[in-house]
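A structural walkthrough
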Amino acid sequence: MSQPEKDDKASGAGPAVQPVGTSEPNPPVRGIPQWRIMLAHVMDFFTTFFGFGFLLAALTGGINEGGFKLEGIPAFLCFGLIAAYFWIGTYYAGGTIWQRILRTRR
């Protein structure tokens, strides 16, 4: 006489994964909408451009009645600060200001 086989599911010793083709399909994973990612980048650029631009213009005397004007070294320094902002925000700070506001951090 042979012993009857035990049901693996009843004993809890069976595999945790169901065989292929017997389970329900997984729901599609929805990512962050592309428009929010692009909006965060554009808003970050404008925020940093005007923020760093006014800061550098105030330090170098480039503020005029219409806003600010940067030429030469201050202009290159402004774009360098903008690039550093994106680099530090992306790789070290966990996201830039607008990525955090719009919840687009990856």
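The structure we're discussing is the one just above.
The notes below deal with the structure included here. (Residues numbered from 1 in each chain as written. Predicted model: local features only at pLDDT ≥ 70, side-chain atom pairs only at ≥ 80, totals over all residues. Heavy atoms only, no water.)

1. Comments concerning a nonpolar patch on the surface
- On the surface, Val42, Phe45, Phe46, Phe50, Phe54, Ile63 and Phe79 cluster together to form a nonpolar patch covering roughly 640 Å² of accessible area.
- In terms of residue count, helix α2 (residues 34–60) provides more of the nonpolar patch than any other element does, 5 residues in total.
- You can see phenylalanine 54 is positioned in helix α2. (Patch = residues over 30% accessible without salt bridge, like charges linked within 9 Å, V, L, I, M, F, W, Y side chains within 5 Å. Areas by Shrake-Rupley, 256 points an atom, 1.4 Å probe, with all protein chains shown as cover. Salt bridge = Lys/Arg side-chain N within 4 Å of Asp/Glu carboxyl O. Helix = DSSP H or I, 4+ residues; strand = E, 2+ residues; numbered from the N terminus.)

2. So, the packing of α2 against helix α3 (residues 73–91)
- Interaxial distance between α2 and α3 falls to 9 Å at its minimum, and their mutual angle equals 140 degrees. Of the possible angle classes, the one that applies to α2 and α3 is oblique. Like other packed secondary-structure pairs, α2 and α3 cross with a definite hand, here right-handed. Contacts between α2 and α3 involve His41, Asp44, Phe45, Thr48, Phe49, Phe52, Gly53, Leu56 and Thr60 on the former and, on the latter, Pro74, Leu77, Cys78, Phe79, Leu81, Ile82, Tyr85 and Phe86.
- Across the contact of α2 with α3, the residue classes tally to 12 nonpolar, 4 polar and 1 charged. (Axes fitted to C-alpha atoms, helices over the stretch in contact; angles between N-to-C directions. Parallel < 35°, antiparallel > 145°, perpendicular 65-115°, else oblique. Left-handed = near helix turned anticlockwise from the far one by under 90°. Contact = heavy atoms within 4.5 Å. Nonpolar A, V, L, I, M, F, W, Y, C, P; charged D, E, K, R; others polar.)

3. Considering the environment of glycine 89
- Along the chain, the position of glycine 89 falls in helix α3.
- On the accessibility criterion, glycine 89 (6% relative accessible area) is buried.
- Counting along the chain gives 10 residues from glycine 89 to glutamine 99, while the straight-line C-alpha distance between them is 9.2 Å.
- Among residues more than four places away in sequence, those in contact with glycine 89 are Gly94, Gly95 and Thr96. (Buried < 20%, exposed > 50% of the residue type's maximum accessible area, 1.4 Å probe, protein only.)

4. Structural notes on the environment of threonine 48
- You can see threonine 48 is positioned in helix α2.
- Among all residues touching threonine 48, those that are not within four sequence positions of it are Gly53, Ile82, Tyr85 and Phe86.

5. Thoughts on the packing of aromatic side chains
- Scanning the entire structure with this criterion turns up 10 aromatic pairs.
- Measuring from ring centre to ring centre gives 5.8 Å for phenylalanine 49 and phenylalanine 68, while their planes differ by 50 degrees; the resulting arrangement is tilted. In this pair, phenylalanine 49 is assigned in helix α2 and phenylalanine 68 in strand β2 (residues 67–68), connecting sequence segments 19 residues apart.
- A relative accessible area of 23% places phenylalanine 49 in the partly exposed class.
- Take phenylalanine 68: its relative accessible area is 19%, and that puts it in the buried class. (Phe/Tyr/Trp six-rings, centres within 6.5 Å; stacked < 30°, edge-to-face > 60°.)

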